[in-house]
Amino acid sequence: MTRFKKIVLSLASGLMLFSAGMAGAQTLEPVRFGVDAYTTGSQIWVAKEKGFFEKEGIDAQITTFATGVEAIDALLIGRADMAVGLDFPIVSRIQGGKLTVLAGIFHSKPGFHKLVVSNDIKDAKDLVGKKIGIATGTAQHLITMKYLEENGIAEDKVEIVGFTSLLEIVASLRSGRIDAAFVWADGTEKSTDGGNHYVLTDDAAAKRNSSAYIAAQTEFTEKHPELTVATLRALNAASQFIATNKDEAAALIAKNTRAPRDTVRDLLNYNEFALALTDYERAGFKEVADFLARTKAQPVSFETGVNPKFLQEAASDLVKLSN
């Protein structure tokens with residue numbers, strides 16, 4: 001074989017290897033995720049950083065929003081294929097069939113939301129006649145209403161002031177525009193800085209445990225059922241990683257959200273990260289649905305809003321729903 005032929009064969013072989021490599025790189029399928037700026041999207045960040053998405057053939061394209069509400073709204077306007085949000089915003093938007101809940105993704109333990117009040121408020125009855133801030137349409141909104149209900153305070157006995165972000169709530173507390181609000185994450189410290197406010201109680205007093213769900217555009221699940229199942233497999237792997245590697249997980253999440261690492265690590269203690277569809281999720285879903293039916297006449301049920309078949313295929317042991 002002449003030297004020229006060897007060179008040609010070598011180049012051809014190299015080109016074939018390069019082409020094969022490019023073909024392999026192009027096999028990843030894009031999935032657009034919406035998450036909030038704190039820990040709601042923890043499993044999504046971990047799955048991306050640890051290669052769980054890539055292993056399942058997924059190119060995870062993640063957009064961070066100020067709140068989970070905005071992430072869910074991104075689904076409705078076509079800016080995301082899947083998003084994570086707490087039960088209240090998801091259930092309140094699921095009517096109409098555009099969204100499908102795929103799985104519960106974590107449980108929020110009591111204590112995540114803290115009720116910060118001005119120093120003149122000593123107990124719940126002192127809230128009568130006061131201005132209370134809510135993050136409209138979020139789980140915090142429902143927690144606030146439930147807290148008032150548990151303490152026998154009618155909604156018309158207080159002034160509810162709506163906001164779109166934690167930052168707005170904190171600023172309004174500090175400026176005196178509102179007298180009280182449930183806050184979370186680093187909002188607690190920022191709200192009580194200066195000595196004019198303190199934590200009266202936490203969301204355990206509202207007597208409800210929140211769940212978060214991963215939801216998808218219904219059209220996406222219909223067009224890409226295999227990709228939907230693959231996503232849930234990757235998120236299940238991420239859940240298992242977080243459960244046993246919280247310090248490393250906190251570092252990965254903080255790097256991507258730019259939230260303080262210590263804050264993220266603390267927040268991980270308030271959530272139990274695990275994919276599931278059980279009677280616990282169904283009961284929480286129904287509680288929100290019943291609340292919405294009373295306040296907004298929005299009939300929706302767990303059976304019409306949740307499709308367990310994808311999680312059943314991804315990890316059948318995680319679906320435990322009684323008849």
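Our structure is the block above this text.
Attention here is on the structure that accompanies the text. All values reported here derive from a predicted model rather than from experimental measurement.

Let us now look at the overall build of the protein chain. Assigned secondary structure in the protein chain consists of 15 helices and twelve strands. Considering only C-alpha atoms, the protein chain reaches an extent of 95 × 50 × 35 Å along its principal axes. Taking all 323 residues of the protein chain together, 51% fall into the buried category. Counted over contacts in the protein chain with a minimum sequence separation of 6, partners at least 24 positions apart contribute 76%. When the accessible surface of the protein chain is totalled, it reaches about 15100 Å², and 52% of it is carbon and sulfur. Computed over 36 positive and 40 negative side-chain charges, the separation of the two mean positions in the protein chain equals 5 Å.

Another aspect to go through is the sheet that holds strand β4 (residues 99-108). Spatial ordering of the open sheet is given by β2-β1-β3-β10-β4-β11-β12, a layout of seven strands whose pairing is mixed. Looking at strand neighbours, the two that pair on one side only are β2 (58-65) and β12 (319-320), the edges of this open sheet. In this fold helix α4 (residues 68-76) packs onto β1 (29-36), β2, β3 (82-86), β4 and β10 (211-217), with an angle of close to 145° to the strand it touches most, β3.

A few words on the nonpolar core. It is characteristic of soluble globular proteins that their nonpolar side chains tend to be buried jointly. The biggest cluster of nonpolar side chains holds 90 residues, and the ones touching the most others in it are Phe 53, Leu 127 and Ile 214. The element that contributes the greatest number of residues to this core is helix α10 (residues 225-244), accounting for nine residues. Among residues more than four places away in sequence, those in contact with Phe 53 are Phe 33, Ile 44, Ala 47, Lys 48, Ile 58, Ala 60, Thr 231, Ala 234 and Leu 235. Counting residues in hydrophobic clusters, the runner-up holds 16 residues, among them Tyr 38, Val 116, Ala 135 and Ile 178.

Parameters and conventions
Residues numbered from 1 in each chain as written. Predicted model: local features only at pLDDT ≥ 70, side-chain atom pairs only at ≥ 80, totals over all residues. Heavy atoms only, no water. Helix = DSSP H or I, 4+ residues; strand = E, 2+ residues; numbered from the N terminus. Buried < 20%, exposed > 50% of the residue type's maximum accessible area, 1.4 Å probe, protein only. Contact = heavy atoms within 4.5 Å. Areas by Shrake-Rupley, 256 points an atom, 1.4 Å probe, with all protein chains shown as cover. Lys, Arg positive; Asp, Glu negative; His and termini not counted. Charge placed at Lys NZ, Arg CZ, Asp CG, Glu CD. Pairing = 2+ DSSP bridges. Axes fitted to C-alpha atoms, helices over the stretch in contact; angles between N-to-C directions. Core = buried A, V, L, I, M, F, W, Y, C linked by side-chain atoms within 4.5 Å.

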